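# A closer look at the structure
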Amino acid sequence: MRFRVDRDVLAEVVTWVARGLPSRPPVPVLAGVLIEAQDDGTLTLSAFDYEVSARVSVQADVSEAGRVLVLGRLLADISRNLPNRPVDVYTEGNKVAVSCGASRFSLLRMPVEEYPSLPASPQVTGTIAGDVFTQAVAQVSVAADRSDTLPILTGVRVEIADDKVTMLATDRYRLAIREMSWEPAGDSVSAVVLVPARTLSDTAKSLGPSGSVSIALADGSEGDGLVGFEAGQRRTTTRLLDGDYPKVASIFPTTVDTEAIISTGLLIEAVKRVALVAERNTPIRLRFVDGQVGIDAGTGEDAQASEAVECSLTGPDIEIAFNPHYLLDGLGAVSAPFTRMSFTQPGKPAVLSGQQEHDGEPDTSYRYVLMPVRFAS
């Protein structure tokens, strides 16, 4: 095998493919990146760890077709640090040479015959705008559980009903839901799947916000238990989580007694400052009164902080406490100049949604439900 490719192109594709390689693979070959060069000038790089697969194709100057397997992370590190000149990659016996200008590396060839076949991606179910997909995944995955106590909560529930997609995640302390439109590939499309949140988040970031993203769900006959994503020449699959996601519709408040509209940026900065004195897992208190919200942390002999931010309030005053980190996650995910906070009682969940103007309507396509924390009176 022998090919020449631009340094930036090689560095980009190797880094993208190798991003999910396991640090401690169950078998040594899973630490490798498979490189396939074809006579038509197509260069394909692949990685697979039995859970997540990644494949990307680019054009290269191929003078000899072939396929080799080399350590992925090492090749990524080398590619990123090469001089800005064309890179020649070719085989020499049991080694793979990487030559760029005056730099030359020799990598050990791994047994390509032992490398597992990548799973076939299911048929495309529909497409969605890349920027919408990226934002939606970021907004929802922030609420997924990061521990393995309940593995099913580490996933994002994705429900597809014709031209509507709903993503939902919860860790029992907060819940995030995002609804959006997409272009289904068929006349009647419906599915409910659980995608690992960490993998979904990495995928959304790596595919980029530009263009469109194709989503492929298994139809039960081929690629069962998989979901595939494709953007441009980048394709990735991941295994779905098994199990029944808890019914969380009851978490959403059915009534609203108090609503506050606040500048998202001002509230984020104030919460960050006040939370500096809050010890780990210690809540901050928010007192909503006419015209402002007072934010406090710390009691007694401990360090204390307080700040007030202007807000518009509708309904009775309310005092409520939140985990500051969970509150900041929600405010950041709202992604709007103003945040509308809706309350029923101090002991009931609050709902955050965004709006573009202070006097505008809330964008309920994204809602972040946050459980309050009990605090001493």
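Below is a short write-up of the structure. (Residues numbered from 1 in each chain as written. Predicted model: local features only at pLDDT ≥ 70, side-chain atom pairs only at ≥ 80, totals over all residues. Heavy atoms only, no water.)

The calculated volume of the largest pocket comes to roughly 770 Å³. Lining the largest pocket are 31 residues, with Pro196, Ala197, Arg198, Thr199 and Asp202 sitting closest to its centre. Put simply, the parts of the chain that give the lining of the largest pocket at least two residues each are strand S3 (42–48), strand S4 (52–59), helix H4 (197–207) and strand S18 (234–239). In terms of residue count, the dominant contributor to the lining of the largest pocket is H4 (6 residues). Its residues assigned to classes, the lining of the largest pocket shows 14 nonpolar, 8 polar and 9 charged. (1 Å grid on protein atoms, 1.4 Å probe; cavity = no way out; pocket = protein on both sides within 12 Å on 5 of 7 lines; lining within 4 Å. Points joined across faces, edges and corners; volume = space filled by probe spheres on them. Helix = DSSP H or I, 4+ residues; strand = E, 2+ residues; numbered from the N terminus. Nonpolar A, V, L, I, M, F, W, Y, C, P; charged D, E, K, R; others polar.)

Let's shift gears to the pattern of salt bridges. Tallying each qualifying case throughout the model produces 14 salt bridges. Between Arg67 and Glu36 there is a salt bridge, and its shortest N-O distance comes to 3.6 Å. Of this pair, Arg67 sits in strand S6 (residues 66–71) while Glu36 sits in strand S2 (residues 32–37), and the two are 31 residues apart along the sequence. Where Glu159 meets Arg157, a salt bridge forms, and the shortest distance between an N and an O atom there is 3.0 Å. The exposure class of Arg157 is partly exposed, given its relative accessible area of 24%. If you follow the salt bridges from partner to partner, you end up with Asp171, Arg174 and Asp329 in one network. (Salt bridge = Lys/Arg side-chain N within 4 Å of Asp/Glu carboxyl O. Buried < 20%, exposed > 50% of the residue type's maximum accessible area, 1.4 Å probe, protein only.)

Before going further, it helps to spend a moment on the sheet that holds strand S7 (residues 87–92). Within the open sheet, the 5 strands sit side by side as S5-S1-S7-S8-S9. Their pairing is antiparallel. Every interior strand has two partners, whereas the edge strands, strand S5 (61–64) and strand S9 (103–108), have only one. Across the sheet, the mean angle from the axis of one strand to that of its neighbour is 15°, orientation sign disregarded. For S7 and strand S8 (residues 95–100), the ladder comprises 5 bridges, and the chain directions are antiparallel. From the neighbouring strand, Asp88 faces S8, where its bridge partner is Ser99. Against the sheet, helix H2 (residues 72–80) makes contact with S8 and S9, and its axis sits at roughly 175° relative to S9, the strand it touches most. (Pairing = 2+ DSSP bridges. Axes fitted to C-alpha atoms, helices over the stretch in contact; angles between N-to-C directions. Contact = heavy atoms within 4.5 Å.)

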